[in-house]
Amino acid sequence: MNGSGSRIDIGTLPGRPCSAAATLQVVGEKWALLAVREIFFGNHRFEAIARNTGAPRDRLAARLRSLEHAGVVERRPYSERPLRHEYHLTEAGRDLAPVIRALLDWGDRWVHEEPPVVMVHEPVATTGAESPGEGEDEGAHGHDLDAAWICRTCGEEVVMNTLTVDVRSPGWGRAGPAPAPATP
């Protein structure tokens, strides 16, 4: 959803009606996804986002404006004089975390010998005591993330050979547009 709470009209996009195509309209440009990555990594100020993405400043400013308009990021003031803002992910932006992780995983497997960035999972320590440190779960510690794609319905890990495509867009099939019915 964009800032006004409406959805992008995927009916106006060329080709197959598809949520992936609509998503790419919002975040499919390199600098947009790299800006989301930096904000996800905790870099909220324009200077840090520009430095860490390598994006031209004018292009980055345009991408951040479009991400704000689409409801992916929001600006929050951090200085009154002069007025300055930092960028934070909205719920929609935070929902892009698996996309960033998938790009990192793919790059680690197919592009880099050694991962230049590693996602670390830090489980929440469970406590049964009132004072900090007492009764903490001894097993809770940070470790490299080894995430899996799990089906919420059956609880099984999803692998490619268990997936099929059910095209539900009227007039379309897996191969493309369905042929028009013959007229008598």
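Heads up: these notes are all about the structure in this document.

For an α-helix, the turn length of 3.6 residues means that residues three or four places apart are oriented alike. Between the first and last C-alpha of helix H4 (residues 57-69) there are 18 Å, a value that for 13 residues agrees with the 18 Å anticipated at 1.5 Å per step. Of the residues making up H4, those classed as buried are Leu60, Leu64 and Leu67. Angular distribution of buried residues about the axis of H4 spans 60°; they occupy a single face of the element. Those residues of H4 that are exposed and angled more than 90 degrees off the buried face are Asp58, Arg65 and His69. Those residues of H4 hidden inside the fold are in contact with helix H1 (19-27), helix H2 (30-40), helix H3 (46-53), strand E1 (73-79) and strand E2 (84-89). A positive phi of about 85° marks Gly71, the residue just after H4.

Here we come to the nonpolar core. Residues Leu60, Leu67 and Val72 are the most contacted members of the largest nonpolar core, which totals 23 residues. For this core, the secondary structure elements donating two or more residues are H1, H2, H3, H4, E2 and helix H6 (97-110). The leading source of residues in this core is H2, at six residues. Apart from the residues within four sequence positions on either side, Leu60 is in contact with Ala35, Phe46, Ile49, Ala50, Thr53 and Ala55.

Moving on, we get to the side chain of His88. Within the secondary structure, His88 is located in strand E2. Given the relative accessible area of 12%, His88 is considered buried. Within the local environment of His88, its side chain forms a polar contact with the side chain of Arg76, the two groups lying 3.4 Å apart. A polar atom in the side chain of His88 sits 3.0 Å from the side chain of Glu86.

Together, Phe40, Phe41 and Val117 give the surface a local cluster of nonpolar side chains, amounting to about 210 Å² of exposed area. Summarising the element assignment, Phe41 is placed in the loop between H2 and H3. For Phe41, a relative accessible area of 34% corresponds to the partly exposed category.

Definitions and limits used
- Residues numbered from 1 in each chain as written.
- Predicted model: local features only at pLDDT ≥ 70, side-chain atom pairs only at ≥ 80, totals over all residues.
- Heavy atoms only, no water.
- Helix = DSSP H or I, 4+ residues; strand = E, 2+ residues; numbered from the N terminus.
- Expected span 1.5 Å × (residues − 1).
- Buried < 20%, exposed > 50% of the residue type's maximum accessible area, 1.4 Å probe, protein only.
- Arc of directions from axis to C-beta.
- Contact = heavy atoms within 4.5 Å.
- Core = buried A, V, L, I, M, F, W, Y, C linked by side-chain atoms within 4.5 Å.
- Polar contact = N/O pair within 3.5 Å; in protein donor to acceptor, adjacent residues only side chain to side chain.
- Patch = residues over 30% accessible without salt bridge, like charges linked within 9 Å, V, L, I, M, F, W, Y side chains within 5 Å.
- Areas by Shrake-Rupley, 256 points an atom, 1.4 Å probe, with all protein chains shown as cover.
- Salt bridge = Lys/Arg side-chain N within 4 Å of Asp/Glu carboxyl O.

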